[in-house]
Each structure stands twice: as structure tokens, then as C-alpha cells.
Amino acid sequence: MSLERVEQRRSFGGEQCKYNHYSEVLKCNMTFSIYLPSNKEQKEIPLIWWLSGLTCTDDNFSQKSGFQRLAEKHQAAVIIPDTSPRGEDIADDEAFDLGQGAGFYVDATQAPWAENYQMYTYITEELSNIASTLVPHFSRKESIMGHSMGGYGALMIGMKNADRFQAISAFSPISSPSDVPWGTKAFSTYLGENKADWKEWDTAELVKKEGIPPILITQGTSDGFYPEQLNEKPFLENAEQHGQAVDYNKAEGYDHSYFFISSFLEQHFDFHMKHLK
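Scope of this entry: the structure provided in the associated data block.

The rules behind each value
- Residues numbered from 1 in each chain as written.
- Predicted model: local features only at pLDDT ≥ 70, side-chain atom pairs only at ≥ 80, totals over all residues.
- Heavy atoms only, no water.
- Helix = DSSP H or I, 4+ residues; strand = E, 2+ residues; numbered from the N terminus.
- Rg over C-alpha atoms; globule rule 2.2 N^0.38 Å.
- Contact = heavy atoms within 4.5 Å.
- Areas by Shrake-Rupley, 256 points an atom, 1.4 Å probe, with all protein chains shown as cover.
- Buried < 20%, exposed > 50% of the residue type's maximum accessible area, 1.4 Å probe, protein only.
- 1 Å grid on protein atoms, 1.4 Å probe; cavity = no way out; pocket = protein on both sides within 12 Å on 5 of 7 lines; lining within 4 Å.
- Points joined across faces, edges and corners; volume = space filled by probe spheres on them.
- Nonpolar A, V, L, I, M, F, W, Y, C, P; charged D, E, K, R; others polar.

1. Details of the overall build of the chain
On a plain count of helices and strands, the chain comes out with 8 helices and 9 strands. Computed over C-alpha atoms, the radius of gyration of the chain comes to 17 Å, within 12% of the 19 Å expected from 2.2 N^0.38 for 277 residues, which places it in the range of a compact globule. Projected onto its principal axes, the C-alpha coordinates of the chain cover approximately 50 × 40 × 35 Å. Pairs at least 24 residues apart make up 72% of the contacts formed inside the chain by residues separated by at least 6 positions. Accessible surface, the chain: about 11600 Å² in total, of which carbon and sulfur atoms supply 44%.

Laid out in C-alpha cells, this is it:
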């Protein structure tokens with residue numbers, strides 16, 4: 001495994017690092033960021049995954065949210081993958097909601113995307129193995145959260161791996177992807193036109209499963225993408241019908257930006273740490 005640390009910055013006592021590596025799964029060079037708390041007492045520490053939204057890289061959350069203060073406070077490591085494969089030879093699209101920067105965290109089955117767009121396997125297997133070598137005193141307890149497309153990814157990956165993740169949270173997630181334009185465009189392109197093939201990736205379907213982790217969702221009422229792209233009704237209706245522990249909250253006057261995320265991030269960290277401990 002070729003792993004190169006390209007940045008290391010002190011933040012709130014811990015270290016904010018950036019790494020490059022060649023991904024055998026995605027068949028391209030990838031970048032990710034990870035925060036490691038000071039852990040002065042050498043205790044076991046959990047790992048929280050952050051998945052970013054459309055057009056983002058691993059830099060958006062690390063540079064805009066201020067999460068490092070909370071990660072150091074709670075002594076939790078936080079890993080931030082990129083949002084898609086990258087490179088001149090990687091399939092792409094002119095639209096911002098498809099292709100590079102818009103991998104949707106699924107394993108694509110359709111050409112030309114299937115060659116590289118295997119983000120689900122990349123995160124749950126390859127990058128997970130790398131992360132386990134970087135987190136000292138790793139407790140093997142994990143949770144996952146994200147924003148927008150990354151909120152969808154957090155819900156989907158968390159529910160598909162319910163035995164692995166202790167908690168899931170999301171800001172403004174695409175929670176009912178088969179019912180909104182962003183989701184149907186991505187699913188039909190990456191997975192094909194047969195909607196039966198979408199179900200294993202559809203969070204509104206996955207929430208029907210037994211034994212999923214507790215979920216916290218925060219949605220701003222002044223979000224320009226709400227409700228057209230972020231329609232929560234199918235997801236919440238299925239969650240209620242199947243008795244799932246979903247705490248869905250609307251934040252009055254907040255939009256889709258990192259001003260919104262940073263305003264409620266402490267609440268989300270408290271939620272995660274409650275279940276990680």
C-alpha cells in the first residue's frame with residue numbers, strides 16, 4: 001500500500017492530516033483527511049466518519065466546520081474521504097450532480113462508471129483498512145455522519161452495516177433518493193434504469209430493516225434544495241411504520257451551508273459520543 005502524508009497541522013491539541021494513496025478499488029489516486037486527537041491519557045478512541053456533499057472534497061469539512069474542537073473535546077478520531085474517484089482518465093459529466101465530485105457512495109454497475117465508481121467498497125473496505133492502521137489505540141467503535149449527498153451516504157452505509165456503526169447522523173440528507181431528481185439521476189446513471197436494482201441502495205427502503213443504529217437528522221427550513229431534492233416524507237413514513245429510532249429536526253431559518261452545519265455540529269457530536277461510549 002502506497003500511503004503518503006502530504007499535510008500535518010496542529011489543531012486544538014490534535015493533528016489534522018491529509019494523505020494520498022493509490023486505490024486498488026477505484027483504480028486511481030485518492031486523497032483523504034483524518035483528525036487524530038491528542039489522546040494524552042492513551043485511552044482507546046473511537047472513529048467517526050464524515051461524508052461530504054456534491055462538489056466537495058475532503059477539505060470542505062476539515063476547513064469550514066471547526067469540528068476539530070469537538071473531536072479533541074470528545075477524544076474521537078474523524079476521517080473524511082473524498083466524494084468520488086478523480087483523474088483525467090476517470091469518467092465524468094459536465095453537470096455538478098454527476099461524475100467526479102458526485103459519486104453518491106454507491107458501487108456503480110453501468111458503463112463507463114463501473115470501472116472506477118466503487119465508492120461503497122472503497123469506504124467500507126479499502127479505506128476502512130487504512131484507517132485502522134492510522135488511529136492509535138483504536139477502540140473499534142465507529143459511527144458515521146454526513147451532509148446532503150454525504151448525508152445520504154451516511155444513512156445508506158450506516159444502515160447497510162448496522163452491526164458495525166453505533167450511530168448515524170445527517171445534515172440535510174437525500175433521505176428518499178428514489179423520489180427526488182438528484183437521486184433518480186444518480187441511480188439511473190450508476191445503477192441502471194431497473195428500479196428494482198435501486199432498492200439495496202435506497203435509504204427509504206433500508207430504514208425498514210431491523211436492528212439499524214439510532215439516527216439523528218437536522219434539516220434547515222430555508223435550505224434552497226428543500227423539499228424538492230431533500231424530501232424526507234417517504235423515509236420518515238417507513239421509519240415510523242417499522243418503529244425505527246429516527247430523531248428528525250427542522251432548524252428554522254437555516255440554509256444548506258456550512259454556517260448551518262457548524263451551528264448544530266456540537267449536538268451531533270454529543271449524539272455520536274453517547275452511543276460510542
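Following the structure, the description resumes.
2. Here we look at the environment of Leu134
Here Leu134 lies in helix H3 (residues 119-134). The class of Leu134 is buried, set by a relative accessible area of 15%. Spatially, the C-alpha atom of Leu134 lies 8.6 Å from that of Leu36, the residues being 98 residues apart in sequence. Apart from residues lying up to four places away in sequence, Leu134 is in contact with Leu3, Tyr19, Phe32, Ile34 and Leu36.

3. Topic: unusual backbone geometry
Look at the link from Ala111 to Pro112: it is a cis peptide, with omega at -5 degrees. In this structure, Pro227 follows Tyr226 across a cis peptide bond, with omega equal to 5 degrees. Residue placement: Pro227 occurs in the loop between strand E8 (215-220) and helix H7 (233-241). For Asn39, which is not a glycine, the phi torsion comes out positive at approximately 45 degrees.

4. With respect to the layout of surface pockets
Considered as a void within the structure, the largest pocket measures approximately 240 Å³ in volume. In this structure, the largest pocket is lined by 14 residues; those nearest its centre are Lys43, Glu44, Ile45, Pro46 and Gln75. Of all the secondary-structure elements, those providing two or more residues to the lining of the largest pocket are strand E4 (45-51), strand E6 (138-147) and helix H8 (258-276). Among the residues forming the lining of the largest pocket, the class breakdown is 4 nonpolar, 4 polar and 6 charged.

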